[in-house]
Amino acid sequence: MMPISTSGLSVLLLALAAMAYALGYRRARRFARGTTLRQRTLALPAHYATYALLWAALPAAIVLAAWLALEPALVRQVILAELPATVRALPEGERDLYVNRIVTAAREGEVLEDLDPALRREVRHYLRVRAVSRMALAVVVLTVSAGGMAWAVRRISPRLPARQRVERVTGVVLQLCAMVAIFTTIGIVLSLLFEALRFFRSVPPAEFLFGLQWSPQTALRADQVGSSGAFGSVPLFAGTFLISAIAMAVAVPVGLMSAVYLSEYATPRTRAVAKPALEILAGIPTVVYGFFAALTVAPLVRRAGEAVGLDVSSESALAAGLVMGIMIIPFVSSLADDVMTAVPRSLRDGSLALGATRSETIKRVVFAAALPGIVAGILLAVSRAIGETMIVVMAAGLTANLTANPLEAVTTVTVQIVTLLTGDQEFDSPKTLAAFALGLVLFAVTLALNIVALHIVRKYREQYE
Amino acid sequence: MNNADDAMDAISSPVPARLQRLRRNIRRRRRAERRFRIYGVVAVTIGLVFVLFLFANIVAKGWSAFLLTHVQLDVHFDSATVDPEGDRSPQSLARGDYAKLVKTALRERFPQVRKRRDKRALYKLVSSAAPYVLRDRLLEHPEWIGRTLPVWVPASDDVDLWMKGQVASADVRLDEKQRAWLSALIEQGRVEKRWNPFFFSRGDSRQPEVAGIGAAVAGSFFTLLVTLLLSFPIGVAAAVYLEEFAPKNRLTDLIEVNINNLAAVPSIVFGLLGLAAFIQFFGVPRSTPLVGGLVLALMTLPTIIVAGRAALQAVPPSIRDAALALGASRMQAVTHHVLPLSLSGILTGTIIGMARALGETAPLLMIGMVAFIVDIPRGPLDPATVLPVQIYLWADAAERAYVEKSSAAIMVLLAFLLLMNLAAILLRRRFEQRWQ
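Residues numbered from 1 in each chain as written. Chains lettered and ligands numbered in written order. Predicted model: local features only at pLDDT ≥ 70, side-chain atom pairs only at ≥ 80, totals over all residues.

(A) The overall build of chain A, seen in detail. Along chain A, the regular secondary structure elements total 17 helices and two strands. With respect to the principal axes defined by its C-alpha atoms, chain A has extents near 85 × 80 × 35 Å. Scored against the burial criterion, the 465 residues of chain A give a buried share of 40%. Taking the intrachain contacts of chain A between residues at least 6 apart in sequence as the baseline, contacts between residues at least 24 apart amount to 74%. (Helix = DSSP H or I, 4+ residues; strand = E, 2+ residues; numbered from the N terminus. Buried ≥ 20, exposed ≤ 12 C-beta atoms within 10 Å, placed from the backbone. Contact = placed C-beta atoms within 7 Å.)

Quick look at the structure:
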């Protein structure tokens with residue numbers, strides 16, 4: 001018998017489910033036909049058919065998913081138990097690495113002849129164990145499915161409340177779908193925490209948070225100079241902060257003023273043209289901004305600096321910050337627009353009636369009333385700027401540099417995450433794990449900013465309702 | 001102004017002085033008003049100018065990539081060279097030495113070139129992909145064997161850049177002799193900028209002149225397909241649950257808080273999730289549209305859920321009440337009436353979410369979709385890259401010639417985004433229902 005692939009098995013399962021539906025429908029139709037009102041059925045034929053389908057598909061699908069999720073760990077255990085004694089005597093870390101090599105070699109389908117004989121034997125063994133597991137899986141899944149179908153079809157009778165049963169299952173499925181958001185958050189937190197903890201086992205958290213040196217090279221040999229690598233993240237946060245500050249210096253005034261102008265001064269015709277045109281900025285992918293920042297704005301900034309006799313780096317924080325600021329303009333202006341239109345008309349009218357000019361009304365009344373909302377909007381914009389990746393990856397520097405000079409090259413948290421994780425390196429080195437520690441800090445900071453901002457917005461909204 | 005001091009002041013001082021002060025004050029306030037207005041105009045102008053500058057800049061840099069400099073050579077399809085087996089079978093033709101054809105044709109065009117170094121410089125005028133072009137043409141037209149025909153082959157990237165005038169004369173990597181040969185060819189009308197056939201059909205390449213976005217577009221397609229298949233059903237189900245069935249309790253609150261927060265999590269964090277959870281933990285193969293689609297689906301979910309809820313909310317309660325009054329269950333009222341009526345709104349939100357997913361780059365860098373992909377992926381399990389990542393790779397490449405490729409790829413990406421947003425707007429207009 002050929003080992004059956006997972007996708008083949010899924011197709012078979014779908015076929016069984018379709019068959020269950022057809023069988024259920026036929027059976028329901030047979031007794032539904034010619035029933036009088038008194039002996040009417042409790043559900044429509046389609047409900048009975050769906051009932052049968054669910055029984056044929058759901059339990060089997062759960063078995064399939066659980067098996068596939070647990071299989072790697074189980075097969076690993078089997079492999080581990082049958083390793084030669086020499087390997088089993090190794091310390092735990094090296095033993096795991098050995099098993100990892102077997103698993104990756106088997107998964108990537110490496111040519112067996114290229115491996116050394118001992119490893120080749122293990123890979124063959126691994127593949128054999130997995131084939132057995134897959135065969136057993138196919139048998140179990142198909143049996144469960146067929147059993148479910150047989151049971152459900154036999155149970156179909158006019159007195160079976162199939163609609164309620166089906167709707168209950170549907171309701172649970174809907175709820176599970178809604179809970180994907182929770183699972184995602186849990187997944188993010190767990191994966192970041194787990195890897196970051198492994199990182200903190202080799203680098204103390206205090207050194208990571210307060211260290212001033214960032215050079216994440218891990219040495220090839222232990223006795224090499226600077227072999228430990230330095231993981232002090234302060235320069236990265238300083239760089240992130242510098243670029244974000246430049247971005248906000250562009251985005252906040254421009255965004256606020258364009259929101260004010262478009263909602264208070266512009267004629268309807270200007271508004272109809274300018275507003276969607278500005279919103280285009282929000283739809284442009286960040287990689288396009290990055291391209292623009294790196295290949296057009298950065299040289300421009302450099303040349304402008306040279307013209308006035310300043311030495312500007314070609315990866316200056318200024319260029320990245322400027323473009324990032326432009327990117328955030330529509331974000332600030334749409335949020336400002338929202339909160340300012342929420343300010344009640346009566347406040348504006350009162351101010352105008354007292355003889356204030358329009359700008360005075362806006363500055364002293366509307367801004368003042370909308371201030372919490374505007375602050376919240378700015379916080380959200382800051383969190384966008386901190387988490388923005390492509391612009392800085394393409395236009396900012398790669399080496400850590402603790403400076404407040406916007407004309408120098410600085411690097412950011414996101415840039416380091418990308419550089420640490422792109423390219424082929426093993427997953428377990430502190431170098432790659434550092435990316436997760438940085439990601440954890442990034443996630444925590446943006447989450448805090450968002451929660452504070454959303455809280456302010458909600459409180460503020462209640463104020464005028 | 002109206003306080004007691006001012007009033008005393010007004011009585012004691014002569015009237016014209018007070019009036020003057022008032023006038024000055026009003027003039028100052030008018031000026032402030034005008035200034036404020038000008039700030040507004042300046043702010044809007046900055047944004048608009050930037051949009052125009054960005055588009056103009058990218059089009060100016062990129063449009064030339066749709067054209068490619070070709071050189072016309074009189075190629076003699078010598079049967080011994082192209083057909084080593086002598087049976088004219090495709091297998092035999094595929095093994096022919098087409099590089100030799102190109103070299104012979106170039107030598108015959110410039111018989112005065114004798115020295116080996118000069119010859120090598122001469123060969124460099126033509127792309128190293130030219131032999132493959134000849135092979136493909138011959139496989140299409142086996143009857144050409146033994147004949148001498150003028151064939152257009154792609155020029156090398158240096159010639160292409162020079163012809164397009166995209167490099168400063170100091171950076172031109174053509175020496176005097178090469179330029180002289182090129183001028184001779186131009187005089188004979190044998191150099192021409194023609195439609196670049198490789199840009200849309202090929203994958204990435206180390207030779208910029210034949211690099212294309214075909215593989216990246218296919219990768220984007222499969223990635224978005226996975227994203228759509230996952231995020232649309234899950235997103236709609238979640239929206240239906242939250243809007244129609246969810247009880248008011250802590251779990252529901254928790255779900256809503258999570259959706260709001262996920263919408264604001266930096267995209268790169270989703271990439272870390274994809275790497276640690278999907279690739280390391282569940283063993284989904286790296287660099288594939290499958291894992292890319294999974295990550296993007298999680299990112300797109302909040303957009304679809306929020307849009308879906310808004311669309312469901314727009315359906316008036318009377319529809320539900322009517323269905324329930326006729327004996328439908330709540331599930332039936334939703335699936336038969338509410339959902340179909342809100343579908344256009346949900347689809348609009350989905351298209352916008354997909355457009356955002358199409359432009360997303362950062363998380364895909366984490367999960368290995370930055371690979372150098374030459375072959376066009378044929379399914380969601382083949383290693384692939386996507387269009388924005390291809391843009392990133394080309395923008396980073398050292399060769400000058402990739403800049404125009406990158407700009408042109410941006411033009412294609414923006415065109416796709418424009419189409420999707422247009423579709424969303426049209427869909428909204430067409431199905432917009434008024435319930436008054």
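(B) View of the overall build of chain B. A count of helical and extended segments in chain B gives 19 helices and three strands. For chain B, the C-alpha radius of gyration of 32 Å lies well beyond 22 Å, the compact-globule estimate for 436 residues. Taken along the three principal axes of its C-alpha coordinates, chain B extends 105 × 85 × 40 Å. The buried share of chain B, taken over its 436 residues, is 43%. Across chain B, contacts joining residues at least 24 apart in sequence account for 77% of those joining residues at least 6 apart. (Rg over C-alpha atoms; globule rule 2.2 N^0.38 Å.)

(C) Structural context of the packing of helix H12 (residues 317-341) of chain A against helix H14 (residues 358-387) of chain A. All names here are of chain A. Close contact between H12 and H14 brings their axes to 9 Å; oriented N to C, the two are set at 145°. Here the hand of the crossing between H12 and H14 comes out right-handed. Between H12 and H14, the contacting residues are Met324, Ile328, Phe331, Val332, Leu335, Ala336, Val339 and Met340 on the first element and Val366, Ala370, Gly373, Ile374, Gly377, Ile378, Leu380, Ala381, Arg384 and Ala385 on the second. Class assignment of the residues belonging to the contact of H12 with H14 gives a composition of 15 nonpolar, two polar and one charged. (Axes fitted to C-alpha atoms, helices over the stretch in contact; angles between N-to-C directions. Left-handed = near helix turned anticlockwise from the far one by under 90°. Nonpolar A, V, L, I, M, F, W, Y, C, P; charged D, E, K, R; others polar.)

(D) Up close: the sheet that holds strand S1 (residues 67-76) of chain B. Residue and element names in this part refer to chain B. Judged by pairing direction, the sheet is antiparallel, and its three strands sit side by side in the order S2-S1-S3 without closing on themselves. With partners counted over all chains shown, the strands left at the sheet margins are strand S2 (148-154) and strand S3 (191-195), one partner each. Pairwise comparison of adjacent strand axes, ignoring direction, gives a mean angle of 45° for this sheet. Here S1 runs beside S2; their pairing, made up of seven bridges, is antiparallel. Considered in S2, the bridge of Gln72 is made with Trp152. Most of the contacts of helix H5 (residues 98-109) go to S1, to which it runs at about 85°, and overall it touches S1 and S2. (Pairing = 2+ DSSP bridges.)

(E) Structural context of the environment of A:Leu64. Residue and element names in this part refer to chain A. Summarising the element assignment, Leu64 is placed in helix H2 (residues 45-81). Using a count of 20 C-beta atoms within 10 Å as the deciding quantity, one classes Leu64 as buried. Here the alpha-carbon distance between Leu64 and Val141, two residues 77 residues apart in the chain, equals 6.4 Å. Discounting residues that sit within four places of it in the chain, Leu64 has contacts with Leu9 and Val141.

(F) The pairing of S1(B), seen in detail. Inspection of the sheet shows S1(B) paired to S3(B) by five bridges, in the antiparallel sense. Across the sheet, B:Thr69 pairs through a bridge with B:Lys193, a residue of S3(B).

(G) Fine view of the interface of chain A and chain B. Across the contact, 69 residues belong to chain A and 64 residues belong to chain B. A breakdown of the residues in the side of chain A that touches chain B according to their chemical character gives 44 nonpolar, 21 polar and four charged.

(H) Highlighting helix H12 (residues 250-264) of chain B. Across its 15 residues, H12(B) extends 21 Å between first and last C-alpha, which sits within 8% of the 21 Å expected from 1.5 Å per residue. Within the sequence span of H12(B), burial applies to B:Ile255, B:Asn258, B:Ile259 and B:Leu262. Angularly, the buried residues of H12(B) cover 100° about the axis, an arc narrow enough to put them on a single face. Within H12(B), the exposed residues directed more than 90 degrees away from the buried face are B:Arg250 and B:Asp253. In this structure, the buried residues of H12(B) make contact with helix H6 (162-178) and helix H7 (180-202) of chain A together with helix H11 (214-245) and helix H14 (289-314) of chain B. (Expected span 1.5 Å × (residues − 1). Arc of directions from axis to C-beta.)

(I) Looking closely at the domain arrangement of chain B. All names here are of chain B. Segmenting chain B into domains produces domain 1 (66-196) and domain 2 (214-431). Using only C-alpha atoms to locate each centre, domain 1 and domain 2 end up separated by 45 Å. Facing six residues of domain 1, the contacting portion of domain 2 comprises five residues. (Domains from an automatic or database assignment.)

(J) Layout of the nonpolar core. A:Ala293, A:Ala320, A:Val323, A:Ile391 and A:Ala395 are the most contacted members of the largest nonpolar core, which has 223 residues in total. A total of 17 residues in this core trace back to one element, the largest contributor, which is H11(B). Filtering out sequence-adjacent residues up to four positions away, A:Ala395 remains in contact with A:Gly290, A:Ala293, A:Ala294, A:Ala298, A:Glu315, A:Ala319, A:Ala320 and A:Val323. Counting 29 residues, the second-largest nonpolar core is a separate cluster that includes A:Tyr25, A:Tyr48, A:Leu54 and A:Val153. (Core = buried A, V, L, I, M, F, W, Y, C linked by C-beta atoms within 7 Å.)

(K) Focus on unusual backbone geometry. Residues and elements named next belong to chain B. We note that Ser287 has phi near 65°; this positive angle belongs to a residue other than glycine. As for its placement among the helices and strands, Ser287 is situated in the loop between helix H13 (267-281) and H14. Looking at Ser287, the number of C-beta atoms within 10 Å reads 21, which means it is buried.

(L) Summary view of the packing of helix H11 (residues 286-307) of chain A against helix H18 (residues 387-396) of chain B. Remark: H11(A) packs on H18(B), axes separated minimally by 10 Å, with the N-to-C direction vectors making an angle of 10°. It follows from the interaxial angle that H11(A) and H18(B) lie roughly parallel. Relative to H18(B), the crossing made by H11(A) is left-handed. Of the residues in H18(B), those in contact with A:Val287, A:Phe291, A:Ala294 and A:Leu295 of H11(A) are B:Pro388, B:Ile391, B:Tyr392 and B:Ala395. When its residues are assigned to classes, the contact of H11(A) with H18(B) shows eight nonpolar, no polar and no charged. (Parallel < 35°, antiparallel > 145°, perpendicular 65-115°, else oblique.)

(M) Highlighting the environment of A:Ser10. All names here are of chain A. Take Ser10: it is sitting in helix H1 (residues 6-32). You can call Ser10 partly exposed: it has 13 C-beta atoms within 10 Å. A sequence separation of 47 residues divides Ser10 from Ala57, and the C-alpha atoms of the two residues are 9.9 Å apart.

(N) Fine view of the confidence of the model for chain A. Chain-level pLDDT for chain A is 85 on average; 91% of the residues reach the 70-or-more range. Within the model, pLDDT remains below 50 along residues 219-226 of chain A, and this stretch shows three contacts once partners closer than five positions in the same chain are excluded. (pLDDT = per-residue confidence, 0-100.)

(O) Structural context of the confidence of the model for chain B. Residues and elements named next belong to chain B. Per-chain confidence: chain B averages 87 in pLDDT, with 94% of residues scoring 70 or above. Predicted confidence in chain B is weakest over helix H1 (residues 4-12), with a mean pLDDT of 53, and strongest over H11, with 95. Model confidence for the complex is summarised by a pTM of 0.87, with the ipTM given as 0.88.

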